[in-house]
Amino acid sequence: MTECPALVQVFDDNVELGKRLCSFVKDRYDEAVASRGKFHVAVSGGSLPKFLKGLSKRQDIDWTKWWVYFCDERYVPNDDPDSNYGALKQVLLDDISIPDCQILKINSSVSVEEAAKEYEKKMREQLPTMDLDLALCGMGPDGHTCSLFPGHALLSEDSVDIAPISDSPKPPPKRITMTYRLLRKCHQVVFVVTGESKVPMVVSSLHDDLDKTTPAGRVRPDSGKLFWFLDSKAAAGLPDRSATPAAN
């Protein structure tokens, strides 16, 4: 059995996890701005946005250097309660000053297929190399990440960076999602996973062979770094040696 090459950090509670995650994001922002003058970050939905709220209190970030994308997005208007953009807007974007034109949102006025093509085209205009500085991912109880679900055909999609999905097993059925082809290009990927319901999938994701693991566990950057931030409940099934500090 092959162990996932991830750096794992386990936190006693979600407050500490959120603080460490915000510091980690700030460090990645500093590195990206020093390297290329901009910070390109992708964010998942679900419970993840709430862990970023602490960033709004920082006075040492130039928000005009941020370019924000979404690891996946529901095919709904941006003001819909199911919108991942809307979730991030509520907890973070409304309190900071990223130019709206630097937050890439889905266009739900076209077909979901066209929305995916348009999203990739616009992302490529801002980031031709499609190498995100950081992707912040979550994982569902079934092991899915982004909108890459167990057993779905999109797990084998390797011709595009952004793909449409019309038959998501989790509502709403229509979405767009980053594919493994894009996730492999990321400089750094962080999974944020909490709760005892995730224990079996955490164990599988971190310790199974690549071709047998969960959709989340298949995310392995080609030359970037992979991190998992877990609370103590989600990490309950891991051996003690996995609870090691994440590198800066």
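Cut-offs and rules
- Residues numbered from 1 in each chain as written.
- Predicted model: local features only at pLDDT ≥ 70, side-chain atom pairs only at ≥ 80, totals over all residues.
- Heavy atoms only, no water.
- Pairing = 2+ DSSP bridges.
- Helix = DSSP H or I, 4+ residues; strand = E, 2+ residues; numbered from the N terminus.
- Axes fitted to C-alpha atoms, helices over the stretch in contact; angles between N-to-C directions.
- Contact = heavy atoms within 4.5 Å.
- Core = buried A, V, L, I, M, F, W, Y, C linked by side-chain atoms within 4.5 Å.
- Buried < 20%, exposed > 50% of the residue type's maximum accessible area, 1.4 Å probe, protein only.
- Salt bridge = Lys/Arg side-chain N within 4 Å of Asp/Glu carboxyl O.
- 1 Å grid on protein atoms, 1.4 Å probe; cavity = no way out; pocket = protein on both sides within 12 Å on 5 of 7 lines; lining within 4 Å.
- Points joined across faces, edges and corners; volume = space filled by probe spheres on them.
- Nonpolar A, V, L, I, M, F, W, Y, C, P; charged D, E, K, R; others polar.

Some points on the sheet that holds strand E7 (residues 175–178)
Moving on, step 1. The antiparallel open sheet is built from three strands, whose spatial order is E4-E7-E6. For this open sheet the edge positions go to strand E4 (72–74) and strand E6 (162–165), each flanked by a neighbour on one side alone. Taking each pair of neighbouring strands and ignoring which way they run, the sheet shows an average axis angle of 20°.
Moving on, step 2. Summarising the sheet, E6 and E7 pair through four bridges and their orientation is antiparallel. From the neighbouring strand, alanine 163 faces E7, where its bridge partner is threonine 177.
Moving on, step 3. Each of E6 and E7 is contacted by helix H3 (residues 112–126), which is oriented at about 165° to E6, the strand it contacts most.

Notes on the nonpolar core
Moving on, step 1. Core analysis: the biggest nonpolar cluster contains 80 residues, and Leu52, Trp66, Tyr69, Leu136, Trp228 and Leu230 have the highest contact counts within it.
Moving on, step 2. Top contributing element to this core by residue count: helix H1 (residues 14–36), with seven residues.
Moving on, step 3. Aside from chain neighbours lying at most four places away, what touches tryptophan 66 is Val25, Tyr29, Phe39, Val41, Leu55, Ile61, Ile98 and Gln102.

Re the pattern of salt bridges
Moving on, step 1. As enumerated under the stated definition, the model contains 20 salt bridges in all.
Moving on, step 2. Between aspartate 100 and lysine 105 there is a salt bridge, with its nearest N and O atoms 3.1 Å apart.
Moving on, step 3. We classify aspartate 100 as partly exposed; its relative accessible area is 48%.
Moving on, step 4. Connected via shared salt-bridge partners are Glu120, Arg124, Asp161, Arg181 and Lys185.

Remarks on unusual backbone geometry
Moving on, step 1. The omega torsion across proline 171 and proline 172 is -5°, close enough to zero to call that bond cis.
Moving on, step 2. Following the sequence through the fold, proline 172 ends up in the loop between E6 and E7.
Moving on, step 3. Positive phi outside glycine occurs at methionine 130, with the angle close to 55°.
Moving on, step 4. Structurally, methionine 130 is set in the loop between H3 and strand E5 (134–137).
Moving on, step 5. Located in the positive-phi region is cysteine 146, a residue other than glycine, with phi close to 50°.
Moving on, step 6. Within the element layout of this structure, cysteine 146 appears in the loop between E5 and E6.
Moving on, step 7. Take cysteine 146: its relative accessible area is 6%, and that puts it in the buried class.

Describing the layout of surface pockets
Moving on, step 1. Each pocket or cavity is described by its volume, and for the largest pocket that value is around 280 Å³.
Moving on, step 2. If you go around the largest pocket, you meet 22 residues; those closest to its centre are Gly45, Gly46, Gly138, Met139 and His144.
Moving on, step 3. Secondary-structure elements contributing two or more residues to the lining of the largest pocket are E4 and strand E8 (188–193).
Moving on, step 4. Of the voids in this model, the second largest pocket is the one considered here, and its volume is about 160 Å³.
Moving on, step 5. If you trace the second largest pocket, you find it lined by Asn14, Val15, Gly18, Lys19, Cys22, Lys50, Phe51, Gly54 and Arg58.
Moving on, step 6. Split by residue class, the lining of the second largest pocket holds three nonpolar, three polar and three charged.

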